[in-house]
Structure formats: structure tokens, C-alpha cells
Amino acid sequence: MSINRKRKENQETARTSVTAAPRPLTFWEQYRRKPQGMLGLAIVLVYVLVAIFAPLIAPYDPLSDLYLADSVAAPAWLGKVSSKYRDLPPTMRLDIGYGEWEIDQAEETVVSAWPQAANEGVEIVIPAKETAAKEEQTTQSSTTAWTSSFQWDPFGLSSGAKKADEKTAPAADSQKDAEASAVLQHAFEYNYKTPQTFSSSFEYSIDAPGDATTALSLDMVTPSGDVYHLWEDKVRGSVNLKRALVDTRDFDLKQRLGISFFDDPTALVFAERGDYTLRLTADAESASGPVTIRMRPVKFGILGKVHGLLGTDHLGSDIWSQLVYGTRIALAIGLSAAFIAVVIGTTVGLIAGYFGGIVDEVLMRIVDIMLAIPSMPVLIILGALFGKSIVNVVALLALFSWMGIARIVRAQTLSLKERTFVEAAKASGAASGYIILSHILPNTVPLIFANLVLRIPSAILTEASLSFLGLGDPRVPTWGKILQNARQFGGFTKLAWWWLIPPGLALTFLSLAFVFIGNAVNEILNPRYRERS
Amino acid sequence: MGFRSYLLKRVLYAILVLFVILTFNFVLFRLMPGDPEKMIIDPNFTAEAKMELRRQYGLDEPLFKQYINYLSSLLRFDMGLSFNTRRPVWSELKERLPNTIVLFAATFIGTATVGISLGVYAAANRDKFAEKFVVGSGLFAYAVPGFFIQLLLLLLFGYYWPILPIHGTMSAPPPEGTFAILLDRIWHLILPAGSNVLIGFGSWALYTRNTMLEALSQDYVVTARAKGIHRRGILYHHALRSVLPPIITLIFMSLPGAVSGAVITESIFSWHGVGRYLLDATLKMDYPAAQGAFYLIALAVIVSNLLADVAYGLVDPRIRVGAGGQS
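The rules behind the values
- Residues numbered from 1 in each chain as written.
- Chains lettered and ligands numbered in written order.
- Predicted model: local features only at pLDDT ≥ 70, side-chain atom pairs only at ≥ 80, totals over all residues.
- Helix = DSSP H or I, 4+ residues; strand = E, 2+ residues; numbered from the N terminus.
- Buried ≥ 20, exposed ≤ 12 C-beta atoms within 10 Å, placed from the backbone.
- Contact = placed C-beta atoms within 7 Å.
- Axes fitted to C-alpha atoms, helices over the stretch in contact; angles between N-to-C directions.
- Left-handed = near helix turned anticlockwise from the far one by under 90°.
- Nonpolar A, V, L, I, M, F, W, Y, C, P; charged D, E, K, R; others polar.
- Parallel < 35°, antiparallel > 145°, perpendicular 65-115°, else oblique.
- Expected span 1.5 Å × (residues − 1).
- pLDDT = per-residue confidence, 0-100.
- Core = buried A, V, L, I, M, F, W, Y, C linked by C-beta atoms within 7 Å.
- Domains from an automatic or database assignment.
- Pairing = 2+ DSSP bridges.

Some words on the overall build of chain B
Per the secondary structure count, chain B includes 14 helices and zero strands. Secondary structure elements of chain B, listed N to C terminal, follow the sequence α-α-α-α-α-α-α-α-α-α-α-α-α-α. Burial analysis of chain B (327 residues in total) assigns 39% to the buried set. The long-range share in chain B, meaning contacts at least 24 apart out of those at least 6 apart in sequence, stands at 71%.

Listed below in C-alpha cells is the structure:
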């Protein structure tokens, strides 16, 4: 009796515990317990945040900000780590206006800011000189100089003489200073290894009577006192607007410095470390009236060999910024291609599974044929033919990846169709469309979701391969394109691992994250899956 | 439904797929934005020369006639002349085909050997490091972009430590002697084939392990164990034997994917093969060449699909019945 009662009590408690505990766990509650799934979610979240805040994280525009540094510059922090990259120059840009010049002028010459503000250009007014004899002489010499400076002399015949000239230049320095009407100097410090290139440019105009001769020249004085003649111009009369341009890649400059076509001017000019001086000399001979030279701030730049977090690509564009903006593209492509593929696949699967018969047969044959087509070659051909735009790529990716989902959804629909609730709906006269949408579709949603998640990484990877093969949108900075550029434009020969590894790792971690999520979702939704792996 | 009718059905189906691909190929290359004429015909040509070129490429015929011509010529492997080199496409492809087959075979043998043996080993040593390694490598194979691994290997062994050749199928000029040539070929094969093995072995290992585990949980294995048969004996005589058929099927089923991967591998390692030919021709808008290469690749995929179906039908009688019952 007492045993019986006890048993009964036990049964009672058992029953209550059974009824109290198993409120079925929600999807999220199950998902939360899967460390792999949570890790995947966290990684994806990081990518999403990077994609959203890309303009804040990336310091430059990935496409339009070019020549931030020299091509294939190394990351700046490498200089602190590796001796190979120590003391490489960062990008240096000087914009030398009135305030930055140290001005040394002849008595009558007036040098002032133009127009007014100190950070702007310079106006040099040189009054007329009276000595007619000297004028004549200079005019003559300047005319020859004028012609010679504009003569195309590809064989460098006159360079020997010029070189000799420059050798004597330091000695004649002070004398020259005294003669010139105005000498503007700007000193700057340079404590790095020799750069790859430097360049300088400024615009100027000369307002002078017709018989006046104006001479402008730009020199670089090295720490040891050597003077290198970078640019010169001698003008008769007025000049409306002219642009002075010095570039180490130009043959003009090499000729002027007396080096051969294959030599590098930077090796000559920037061989030392210390204080360099950029010197602009203005001189004028005029009999009838004053000569006014107006010039914009002088730009002087050295393209760096180290730059930012991940260096630069072949066009001097910031790789870190490309990487950050690439996150947006990758996520957008993955999500949209997977979404379209799932929509197509689900629609085909539902229709084929529900209606059966000839509809099913035709649709499934199409699926079989699509599956038999080698997708990569087709994507290559279609990608090249329909134009390399990101929309086309997404459409093509979706077009060749819906078949698997169609098969799965069809199988699910076939089994759902036989269930009593569908039978009941049919018996009560519900339309096919209604049954599909409100009875069958909701029951395939978990399946569809798991497939959507697993489609995303494969879409991202396929797009990356296409971009890598040169079939991506040229205007969109994708990770695949960074890799392609690295391969095509000297990333390998320069051992620029910072160009190659980050986009590859970004791809790897993103697709790993989606695979983690997909596996976790699958484990929850398809218990069979759990047994298999 | 007997095996013969199943086979017939599969063959007919393969022919249908081939036909669809050929038609698709034809339509595609006629629909393209760039007019094929403009690619080859210089505006400075005389009218007669233009007509002659049009006739040579068969562009003067009506579209339907062009289609018929196209089908019949492809069946004869007459793929026309390349726009770029003005040489027959088929003879260009013939040069490259052996290279692709060699690369493919090396990849395949390596991947299958490493993958299957690792899978068997992992199944035999459950819950140990080997198993974790296999599961991890399967995940790796799925998630890591293959071309990234190949680029890394290229950077590492081709440039950082330049110990392996970085491009081509052989040295130029080739070394003297048959043996030296063979060695040189193998030397060039290491990086492309090795990287493919590295990318691909994971999924094979995972698949083998899973089928092995399934087989090991079957009743006959339990019986064998109860009879006191040695663990190793069970593994190799009972489990492995039952696992071989699905693995053989997997071999054939992996062929289409390998063909797709060949395009990327060949272009990374500048391998003188069909896949790279397709890519180059496509990028240069060399239609006959792209068409020919695509046809060859599609043919390979269709044949391997057919072989997979046949193998599957031989191995698993249920498939035949299922396929018969379905239609």
C-alpha cells in the first residue's frame, strides 16, 4: 500500500517535471550553446561593422587616392621591425608659399606675398636696370641659353659641358647670390635612405616689357654643399601662365644633371642625409620697365617607400583602405548572390515538388543540365562577354548556384505534400498558391536558411576567383582584385607579402565564419547531420 | 529496370546535355556585344578581302546554316581558326591537352592517395589528433580560397626561397636526355600539383572518414568484432572493402570540379594547358579559341559525369531502380 502510494507519487513528480521542463528550446537558445556557431557569428559581426564604418576606418579612398606613396611601398611599421625597411622615406610633400621661403633679395627688388595671404604665392618685382651694355650682353647670352634649354638633345651632347658647369657651381655660389635679384630658399631635413622618385612643380606668370629677359631657376643644395640644377627657364617679355615641372623620370632632368637615360637622379641628388635646401633664383634684365614675377607655392614631393598600415599597390593606392572597402563588396556580393540563388532555387523546388508530373520532370531536367555545366568556365566566358560589372557577376553567380537548393526544397516539399495538414487544406478547397505559401513554404524555411548561410561563402569565393582571373569589375575594389593586382604588378618580385596575405586572410576568415554558422545551424535543424560529423 | 537501360538512359542524357551546352555556346558567341567581324577585319581592308575573310570564318551564311555548320564541325573537332594566331584551334588545343592531363593526373593521384589514407587512418584512430586534423583539413578545403593557397606557395617557394620553378611546364631550353627531361617535367609539376593536393585532400579525407565510420558501425562489423577478428583485419577487410565503391564514385564525381579548378591553377602557374588557353582566349575576345576550349572542357565534364553515373549504377543497384522509378 505504502509502496504503491510512493510509486504513484513518483509518477506524479515525474509527470510534473516532464510537463514543466520541456518548453522546446528556441532556435537562438540552441544556437547560443554552440561555441563554433558563436565564433562564426562574432567574426561576421566584425566584418559587418568594418563594412558599415568603412569610411571611418579607411583613411583614403581605395580608387581615387593614387600616388599616396611610391608604387609598392612597404607598410610603415615594418621599418621598426626589419632592418631591410629601416629608414626608408615616407611620403613627403612640401607646399612652399611665401611664409616658408627664406628670402634674400637685391636692394631694389621687392618680394611680397601674392595674393596677400602668407601661405600663398610670391610676387617678385624687379625694377628696370639702366646699364644698357650689360643688358645687351645678357640678352645675347640668355637667348642662347633659352634656345639650349629648350632644345631636344636626346644624345646628351651638351650634358658634359653642363656637368662641368655644375661642378664649379658651389664655388661660384656666393657670387651668384649677389648677382641675382631674388633668391628664395627653403631648407628641409631628410634623414632617410635614397628615395625612388622626387618631383617639383609650380605655376608662374611674368609681366614684363617686351625687351626684358627673365631667368628663373630651381636648384637643390645638398647637405655637403653640392648644387644640382633641377630646372631653369629664360623668358623674353611676358608669359601668361606657365608650369614648371621637375620629375626624376623625365629625360630632361637626367640630361640637365648629366646622367644617362638609365641612371636615377635620386641616387645623385638624395645620396646623403641631412639638411637640404631648395633654392629658387629669379633674375631679370629690363631696360624699359619693372619685371613682375608671380608664382604659386612651389610643390616639392618625395614619394615614400613606406606607407600606412599595409603599404601601397602599384598605383600608390592605400592597400588598407582597399581591404576595408573590399569588406563591403564581399558581404554585398555574398549576401545578394546567395539570396537570389535561394529565391530561384526555392521557387523552382516548391513548384516542382508540389505540382509533380511533367512540371517536375521538366524543371528537374533543367536542374540536372545546369548541374552538368562546368560552372567556372561558363562564368569566365559569360563574365567576359556581358561586361565586367558587379551586377553581372552577382547575377551570374546566382544563376549557377540555385540548383542544389531547388533539389533540397523539392525533396522537402514532396514529403510535406503528403502530410495531413496539407491534405486537410486541399480538402477544404484551398488554392495551390495558398497552400504552397502558407503551409509548405514556412516548413521549408529552416532548411532554406541553412542553405543560404552556406551559399554565402561559396559566392564570395567564386567572385574572388573571378576577380582574381581579371574578370571582376575594374571600378570596384574587391579582395580578388587586390590579389590580382599583387600578382600582375610586381607583388611577387618585390616579395610584398603585405599586399598578398591580408586580402587572402580576409577571404579565409569570412568564409570560415559562414561555414561555422552554417554547420551550427545545420546541426540544430538537421539532427541527422550531427551523427555524420 | 536493368542496368543496360539505365546505361542507355544516362548516355542519352549526356548527349542531351552536350547538345544544350553546344547550343548555348553557339548562341552565346553570336549574341556577344563585340561583333566577331570587327575583331579580325581591319577597316582598311578592301571589300573583297573582307568578303573573303567572312567566307573563311563562315560569317556570310544565314544563322541557322551557321548553327548546323558549327555543330557538324565541332563533332569533327574542327573548331575553326583562332582570331589571334590564325592557326587551327584544335591543333593549339592538342598541344596543350597533354599538359593539362598530366597536371590533372598528378593532382588526382596525390589527392586521392593522401586523402583516402588519411581518412582511413582517422577512422581507425577515433578521437585522437588524426581525427581532429582530418576534420580541420576538410573545413580548410571548403573555406580557404584555393588560389590564395597557391599564391602563398608561389610566393614562398618561387620567390622568397626560389627553389622551385614558378611557371611553365618545362625549362627553356629543355635539358639533354630523356631522363633529364622527365625529371625537369616533374620538377615543374611539384608546385602546381602539390598545391592542388594541399587544397583538395581535406574533403577526400573527410568523406573517406565519414563513410568508414558509417561502415564500422554496421552490424557485420560488430559481428566480426564479436568473432574476435583483429581490429586491423576488420578495418581493412570488412570496412575498407565496403567503403571503396562510394570512394570510386567520388573519384568520378570530383572530375568536373577539378576541371573548373584547372583554369585557376593553370593561370597562376602559367601552365601551358587548356584551362589557361580558355581564360586567355576569353580575355582577348578570341571567340573560336574560347569556344573550342570550352567545348573540350564541357566534353570532359560530361564524360566524367557519365562515368560517375555508370560507376554509381554499378556500385549501388538502388540508384538504377530509383532512376527507373522516377521517370
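Quick look at the overall build of chain A
Each helix and strand in chain A was counted, giving 20 helices and twelve strands. Across the 533 residues in chain A, those meeting the buried criterion constitute 39%. Sequence separation of 24 or more characterises 77% of the internal contacts of chain A that already satisfy a separation of 6 or more.

Considerations on the packing of helix H5 (residues 89-124) of chain B against helix H8 (residues 178-216) of chain B
All names here are of chain B. As a packed pair, H5 and H8 sit with axes 5 Å apart at the nearest point and diverge in direction by 35°. For the pair H5 and H8, the crossing hand works out as right-handed. When grouped by side-chain class, the residues that make up the contact of H5 with H8 number 21 nonpolar, eight polar and one charged.

A word on the packing of H5(B) against helix H13 (residues 287-315) of chain B
All names here are of chain B. Two elements in contact, H5 and H13, have axes whose closest approach is 10 Å; the angle formed by their N-to-C orientations is 50°. As judged from the angle between their axes, H5 and H13 are oblique. When you trace H5 past H13, the crossing you get is right-handed. Residue-level inspection shows Val89, Trp90 and Leu93 of H5 in contact with H13, the latter providing Pro288, Ala289, Gly292, Ala293 and Leu296.

As for the environment of Val343(A)
Considering the arrangement of structural elements, one finds Val343(A) in helix H11 (residues 319-355). With 95 residues separating them along the chain, Val343(A) and Ser438(A) place their C-alpha atoms 16 Å apart.

Here we look at the interface of chain B and chain A
In this complex, chain B contributes 37 residues to the contact, which on the side of chain A involves 34 residues. Elements with a contribution of two residues or more to the side of chain B that touches chain A: helix H1 (3-31), helix H6 (129-143), helix H7 (146-160), helix H11 (255-268), helix H12 (274-283) and H13 of chain B. For the side of chain B that touches chain A, the element with the most residues is H7(B), which contributes eight residues. Residues of the side of chain B that touches chain A, tallied by class, amount to 31 nonpolar, six polar and no charged.

Side note on helix H19 (residues 497-525) of chain A
Its 29 residues place the ends of H19(A) 41 Å apart at the C-alpha level, agreeing with the 42 Å of an ideal helix rising 1.5 Å per residue. Of all the 29 residues making up H19(A), 21 are buried; the element is thus mostly covered by neighbouring parts of the structure.

A word on the confidence of the model for chain A
Residue and element names in this part refer to chain A. Looking at chain A, pLDDT values average 81 and 84% of them are 70 or higher. Predicted confidence is poor over residues 131-178, with pLDDT under 50, and the contacts of this stretch with residues over four places away or in other chains come to 36 contacts. Every residue in residues 529-533 scores below 50 in pLDDT, and together they form five contacts with partners more than four places removed in sequence or on other chains.

Topic: unusual backbone geometry
Residue and element names in this part refer to chain B. Look at Phe77: it is not a glycine, yet its phi comes out positive at around 60°. Tracing the sequence through the fold places Phe77 in the loop between helix H4 (63-75) and H5. Its 16 C-beta neighbours within 10 Å are what place Phe77 among the partly exposed residues.

Focus on the nonpolar core
Ile380(A), Ile460(A), Leu278(B), Ala293(B) and Ile297(B) are the most contacted members of the largest nonpolar core, which has 197 residues in total. Domain assignment of the residues forming this core places at least three in each of domain 1 (27-65 + 318-532) and domain 2 (92-137 + 152-303) of chain A.

Some remarks on the sheet that holds strand S10 (residues 274-285) of chain A
All names here are of chain A. Taken in spatial order, the five strands of this open sheet run S2-S5-S10-S7-S8, and their pairing is antiparallel. Two strands in the sheet have a free side with no partner beyond their single neighbour: strand S2 (102-105) and strand S8 (227-236). When the angles between neighbouring strand axes are averaged without regard to direction, this sheet yields 15°. Relative to strand S5 (residues 182-190), S2 runs antiparallel, the two being bridged by four bridges. Within the sheet, the bridge partner assigned to Gln105 lies in S5 and is Ala182.

Description of the confidence of the model for chain B
All names here are of chain B. Mean pLDDT over chain B works out to 81, with 90% of the residues at or above the 70 mark. Helix H14 (residues 317-326) is the least confidently modelled element of chain B, averaging 51 in pLDDT, while H7 averages 91, the highest of any element. Segment residues 323-327 is flagged for pLDDT under 50; beyond a separation of four residues in sequence, or across chains, it makes five contacts in the model. Reported confidence for the predicted complex is 0.84 by ipTM and 0.81 by pTM.

Describing the environment of Leu385(A)
Residue position: Leu385(A) is located in helix H13 (residues 375-385). Separated by 148 residues in the primary sequence, Leu385(A) and Gly237(A) place their C-alpha atoms 58 Å from one another.

Concerning the environment of Gly289(A)
Residue and element names in this part refer to chain A. Take Gly289: it is sitting in the loop between S10 and strand S11 (291-295). Placed 162 residues apart in sequence, Gly289 and Pro127 show a C-alpha to C-alpha distance of 6.6 Å. Beyond its immediate chain neighbours, meaning those up to four positions away, Gly289 contacts Ala128 and Pro209.

Some points on H12(B)
Most of H12(B) sits inside the fold, with eight of its ten residues counted as buried. What H12(B) keeps buried is the set Val274(B), Gly275(B), Arg276(B), Tyr277(B), Leu278(B), Leu279(B), Ala281(B) and Thr282(B). On its buried face, H12(B) is in contact with H13 of chain A together with H5, H11 and H13 of chain B.

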